[in-house]
Amino acid sequence: MTMPSALTGSGMPAWPEGGLTRVPFWVFQRDDVYAREQERVFQGAAWHYLCLEADLPEAGSFRTTFVGDAPAVVVRDNDGAICAFENRCAHRGALLCLDDDGKAKQGFTCVYHGWSYDLKGNLNGVAFLKGMKGKGGMPDTFKMSDHNPRKLRIASLHGLVYGTFSDATPPLADWLGQPIVDGIARVLEGRKHVVLARYVQALPNNWKLYVENVKDSYHASILHLFFTTFELNRLNYKGGLVVEGGGGHHISYNQLDRAQLDAAYSQQNLRSDSDYKLKDPSMLQGFNEFPDGITLQILTTFPTFVLQQIQNAIAVRQVVPRSAEKTDLHWTILGFEDDTPEQRMVRIKQANLVGAAGFISMEDGCVGGFVQRGVAGAPDMNAVLEMGGALAQSSESRVSEAGLRGFWQQYRTLMGL
Amino acid sequence: MNMDMFHKVTRAQAEYARAIDNDRLEQWPDFFADPCLYRVTTANNHAKGYEAGIIFANSKGMLTDRITALREANIYERHTYRHIIGAPCLLSQGEEGLRSETAFLVVRIMRDGASEVFATGRYLDLWRAYGDEVKLTERIVVCDSSRVDTLMALPL
């Protein structure tokens, strides 16, 4: 990699002039940036989505997840409380839990030397603590309570479990801001969540390129031609872009008014003079689930969580960085326990719109790679984010890069860049 | 169950792979009856009984729509597949048709020449005889891995 000339005291280049409208390409390339992100973003003062409450139905239920690079275990303890701690034995650092999910009766035991932990992540057993036959064993000074994997603070919101390593992170709802809490509530509140599918999409790019893509309401009608080609969106949508918190949370939405909504569902929104017609339009014959008329809501919480409502297709996405140039996108497709069989079938069919093979999102899997490859020789050049101005604020227009500028605002604050 | 059905299924699967790998995607829906079920899922999802797929279709029309979208709407870097399909294991024959399970391996060849194992897994199929041919009334594509590299555009 070409090293930029002007380095700051940290060894990183200086951020270019231009406020929030310029993003240097080195931020997607450098290993030192990636390392600092682990420390300041993922283990810093931010909340991170860990799993669903529905993943932890009873005492001992656990799910393994990631906070940035760091592997973590989320578990429901015998009191019914949700706990989370590093998936790392305090002895030699081996993974404690080797499954994606399951049920732990008493706790977790490291396979390497048999150190064991209770459901809250407290060390409660060391093999051969006193040695054998009076020989060997740990010194008298060894205290089990000094040796625990780091624990996360936990907060739940409408079935989403968040965790943070930092004591400095404000309470979750304050940190998100009311509009984001409301945006999560309108999709998830008071409903029993059912997992309909789960898979990982491996992305050939830096994690921030995917996060930018999700926040980028400018590209939607340009890159994704499915709806345009089949002329499926002929109604005049209202909509907007909400930028919240430190800038790093956002909501982008489309909304029909009441009359349009009724008409849309009765005509199934499918009148088309296009050359291309869907042979089987049943995929888009949704049901009226949200009385506010919002047919599309993409919501992100900084740094790496996405809640998606596209018609009746509900999913959460967790962006997991793997290296400066590799990212895993964890998809969880959701339904609700009180879905009728017909409603469930709608969700299953509409799941075709999203994910690795999604009609309207398969492009998102590769476009980050196009940027990663495109900027390979240009660490000192910058992305230009001037669409919709220079600020990171909410707007009625979605032809705006305010969501991206907001992300960079919060990111740079945490990173000290 | 007899050698006749074994041959018919084997032949249909060879032609199925050839249609996809030789970019004759428009022929792909014709390997299915109508209605039908085509679902791409993962071994984990299958074991847990999760209902949705990475791809889901329950009519021949939905299969045709997927090909039309790939041709006319979706944007992705040019690539091809090479399917290597094992011999079908015939499981049962009843009123619903013939059930079989067949291992597959798909190599994806990208524009720049990179050739990588894209997917391995098994087809869980239900076949119905139509004269000398058999067609799929059900094909559940159970991928061994839960990871999809970048995107899944072409069908498996």
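Look above for the structure.
The present account deals with the structure reproduced in this document. (Residues numbered from 1 in each chain as written. Chains lettered and ligands numbered in written order. Predicted model: local features only at pLDDT ≥ 70, side-chain atom pairs only at ≥ 80, totals over all residues.)

Notes on the sheet that holds strand 18 (residues 326-336) of chain A
Defined as follows: Here, strands pair whenever DSSP counts at least two bridges between them. In DSSP terms, a helix is any run of H or I states spanning at least four residues, a strand is any run of E spanning at least two, and both are numbered starting from the N terminus. Axis angles are defined between N-to-C directions and span 0 to 180 degrees, where every axis is a line fitted to C-alpha atoms and, for a helix, only to the segment in contact. Placing a C-beta atom from the backbone of each residue, one calls two residues in contact when those atoms lie within 7 Å.
Strands sit in the order 13(A)-14(A)-15(A)-16(A)-17(A)-18(A)-12(A)-8(B) across an open sheet of eight strands; the sheet is mixed. Edge positions in the sheet fall to strand 13 (238-244) of chain A together with strand 8 (147-149) of chain B, since each has one partner strand and no second. Adjacent strand axes in the sheet meet at a mean angle of 15 degrees when their direction is disregarded. Where strand 13 of chain A meets strand 14 (residues 249-255) of chain A, seven bridges bridge the pair, whose relative direction is antiparallel. If you follow G240 of chain A over to strand 14 of chain A, its bridge partner there is Y253 of chain A. Each of strand 12 (193-203), strand 13, strand 14, strand 15 (294-301), strand 16 (305-310) and strand 17 (313-323) of chain A is contacted by helix 3 (residues 178-188) of chain A, which is oriented at about 130 degrees to strand 15 of chain A, the strand it contacts most.

Side note on helix 9 (residues 362-374) of chain A
All names here are of chain A. Put simply, the test is: Helix span is expected to be 1.5 Å times the residue number reduced by one. To assign burial, the other C-beta atoms lying within 10 Å of each residue's own C-beta are counted, with C-beta atoms placed from the backbone; 20 or more indicates buried, 12 or fewer indicates exposed, and intermediate counts indicate partly exposed.
An ideal rise of 1.5 Å per residue puts 18 Å on 13 residues; helix 9 measures up with 19 Å between its terminal C-alpha atoms. Those residues of helix 9 lying buried are M362, E363, D364, G365, V367, G368, G369 and Q372. Looking at the buried positions of helix 9, the neighbouring elements they touch are strand 12, helix 4 (207-215) and helix 5 (220-223).

Re the packing of helix 4 of chain A against helix 10 (residues 402-415) of chain A
Residue and element names in this part refer to chain A. For clarity, the cut-off: Working definition: roughly parallel below 35 degrees, roughly antiparallel above 145 degrees, roughly perpendicular at 65 to 115 degrees, and oblique for all remaining angles. The crossing is said to be left-handed when, going from far helix to near helix, the turn is anticlockwise and less than a right angle, and right-handed when the turn is clockwise. The nonpolar class holds Ala, Val, Leu, Ile, Met, Phe, Trp, Tyr, Cys and Pro. Asp, Glu, Lys and Arg form the charged class, and all remaining residues, Gly among them, are polar.
At their nearest, the axes of helix 4 and helix 10 sit 8 Å apart, and the two run at 140 degrees to each other. Taken together, the axes of helix 4 and helix 10 are oblique relative to one another. Here helix 4 runs over helix 10; the crossing is right-handed. Between helix 4 and helix 10, the contacting residues are V211, E212 and K215 on the first element and G403, L404 and F407 on the second. Considering only residue class, the contact of helix 4 with helix 10 consists of three nonpolar, one polar and two charged.

Let's talk about the nonpolar core
All names here are of chain A. As a reminder, the rule being used: To form a nonpolar core, buried Ala, Val, Leu, Ile, Met, Phe, Trp, Tyr and Cys residues must be joined through C-beta atoms within 7 Å.
In terms of nonpolar packing, the biggest core is built from 142 residues, with A72, V73, V74, I184 and A351 touching the most fellow members. Sort the elements by how many residues they give to this core and helix 10 lands first, with six residues. When near neighbours in sequence (up to four residues on either side) are disregarded, A72 contacts L50, T65, F66, V67, A84, F85, E86, N87, L152 and G163.

Some thoughts on the interface of chain A and chain B
Contacts between chain A and chain B engage 34 residues on the former and 31 residues on the latter. Looking at the side of chain A that touches chain B, the elements with two or more residues in it are strand 12, helix 6 (226-229), helix 8 (341-350) and helix 9 of chain A. Residue contributions to the side of chain A that touches chain B peak at nine residues, all from strand 12 of chain A. Classifying every residue of the side of chain A that touches chain B by side-chain character gives 22 nonpolar, six polar and six charged. Bridge count between strand 12 of chain A and strand 8 of chain B: three bridges; the pairing is parallel. Note that in strand 8 of chain B the partner of Q201 of chain A across the bridge is V148 of chain B.

On their own, these measurements won't tell you what the molecule is for.
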